[in-house]
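As a plain string of letters, each chain reads:
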Amino acid sequence: MNSIAEQLNEVRKQISAAASAAQREASDITLIAVSKTKPITAIEDAYAAGQRHFGENYVQEAVDKAAELKQFDDIVWHFIGPLQSNKTAAVAETADWVHSVDREKIARRLAQQRPATKPPLNVLIQVNIDAEDTKSGVAPDAVNKLAAFIAQQPELQLRGLMAIPAAAASSAARKTSFQAMQGLYSQLQTQYPTVDTLSMGMSDDLDLAILHGATMVRIGTAIFGARAR
């Protein structure tokens, strides 16, 4: 098995190739290494290879890892999993970014619980672009209302949108989903000067996501290998 450093390098090359094919700059795309369920040593290996943005799905795991790695003060922590209202405080205190805001209650609590000593929390609205019953996220037609609420919170910084297209979808179906997200994102950019981020694309579809404007891709398996759960 290749080392994490080698696998990171391969992912970076894939991002560069996808950006070139889309006539974009690779530097405009941020790689988030999704380290959920992976040990601290794996994050340390990725850090040593130059990786700085890490994504976690589970609140307690995110808090524990951030505490254990606090000496690496340039790590940027992204919380990317579903967020329950009774766990917002820990995320508000720990994360630099939250990708999964999908209702006003969550946004309000994050704003209220963000420490005054920290900069505004970077927030993305999660969109349930394929209307899946089992997936979090707002409907596309609810984006504007939630965005307006987030933009009014001084403790939050509205940065854009996030989506996870249906896992079983065909390439053509994913293309349609990514195109729809690109349209929503472009519309939001015209309304809010802080909006500069479209988080979509994972290990098996990052090329297609980058072709349709993704500025952040969330890659786990291709960097760290298969997850335990």
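These numbers come from a predicted model, not from an experiment.

A. Fine view of the packing of helix α6 (residues 143–151) against helix α7 (residues 171–191). Contact geometry of α6 with α7 gives a least axis separation of 12 Å together with a crossing angle of 35°. By crossing handedness, the relation of α6 to α7 is classed as right-handed. For the pair α6 and α7, contact is made by Val 143, Asn 144 and Ala 147 and by Gln 187, Leu 188 and Gln 191, respectively.

B. Representation of the packing of aromatic side chains in the model. As enumerated under the stated definition, the model contains 2 aromatic pairs in all. Consider the rings of Tyr 47 and Phe 72, whose centres lie 4.2 Å apart with planes at 20°: the pair is stacked. A residue pair is termed long-range when its members are at least 10 positions apart, and Tyr 47 in helix α2 (residues 40–48) and Phe 72 in the loop between α3 (59–68) and β3 (76–79) qualify at 25 residues. Here Tyr 47 falls in the buried class, since its relative accessible area comes to 15%. Residues Phe 54 and Trp 77 carry aromatic rings whose centres are separated by 6.1 Å and whose planes lie at 40° to one another, so their mutual orientation is tilted.

C. Representation of the nonpolar core. Formed by 66 residues in total, the largest nonpolar core has its most connected members in Leu 110 and Leu 161. No other element matches the 6 residues that helix α1 (residues 4–21) contributes to this core. Counting residues in each nonpolar core, the second largest holds 6 residues, with Ile 32, Val 76, Trp 97 and Met 162 among its members.

D. Quick peek at unusual backbone geometry. A positive phi angle is found at Gln 23, which is not glycine, with a value near 60°. Looking at the element boundaries, Gln 23 is found in the loop between α1 and β1 (30–34). Positive phi outside glycine occurs at Thr 37, with the angle close to 70°. On the secondary structure map, Thr 37 appears in the loop between β1 and α2. The exposure class of Thr 37 is buried, given its relative accessible area of 17%.

E. Geometry of the environment of Ile 32. Note on placement: Ile 32 falls in strand β1. Judged by relative accessible area, which is 0%, Ile 32 ranks as buried. For the pair Ile 32 and Pro 119, spaced 87 residues apart in sequence, the C-alpha to C-alpha distance is 20 Å.

F. The environment of Leu 184, seen in detail. Relative to the helices and strands, Leu 184 resides in helix α7. Along the chain, Leu 184 and Val 143 lie 41 residues apart, while their C-alpha atoms are 8.3 Å from each other.

G. Representation of α3. Val 59, Glu 61, Ala 62, Lys 65 and Ala 66 are the residues of α3 that are buried. Summarising the axial view, the buried residues of α3 lie within an arc of 165°, below the 170-degree limit, and thus occupy one face. Every exposed residue of α3 that faces more than 90 degrees away from the buried side is listed here: Gln 60 and Glu 68. At its buried positions, α3 is contacted by α2, β2 (53–56), β3 and α4 (88–94).

H. Quick peek at α7. Taking 1.5 Å per residue as the helical rise, α7 with its 21 residues ought to reach 30 Å, and the 31 Å between its terminal C-alpha atoms agrees with that figure. Three or more residues of α7 are buried, namely Arg 174, Ser 177, Phe 178, Met 181, Leu 184, Tyr 185 and Leu 188. For α7, the angular spread of the buried residues around the axis is 125°, confining them to a single face. The exposed residues of α7 that point more than 90 degrees off its buried face are Ala 172 and Thr 190. Elements that come into contact with the buried residues of α7 comprise β5 (121–127), α6, β6 (156–163), β7 (197–199) and α8 (206–211).

I. Layout of the side chain of His 78. Following the sequence through the fold, His 78 ends up in strand β3. A polar side-chain atom of His 78 sits 2.8 Å from a polar atom in the side chain of His 99.

What counts and how
Residues numbered from 1 in each chain as written. Predicted model: local features only at pLDDT ≥ 70, side-chain atom pairs only at ≥ 80, totals over all residues. Heavy atoms only, no water. Axes fitted to C-alpha atoms, helices over the stretch in contact; angles between N-to-C directions. Helix = DSSP H or I, 4+ residues; strand = E, 2+ residues; numbered from the N terminus. Left-handed = near helix turned anticlockwise from the far one by under 90°. Contact = heavy atoms within 4.5 Å. Phe/Tyr/Trp six-rings, centres within 6.5 Å; stacked < 30°, edge-to-face > 60°. Buried < 20%, exposed > 50% of the residue type's maximum accessible area, 1.4 Å probe, protein only. Core = buried A, V, L, I, M, F, W, Y, C linked by side-chain atoms within 4.5 Å. Arc of directions from axis to C-beta. Expected span 1.5 Å × (residues − 1). Polar contact = N/O pair within 3.5 Å; in protein donor to acceptor, adjacent residues only side chain to side chain.

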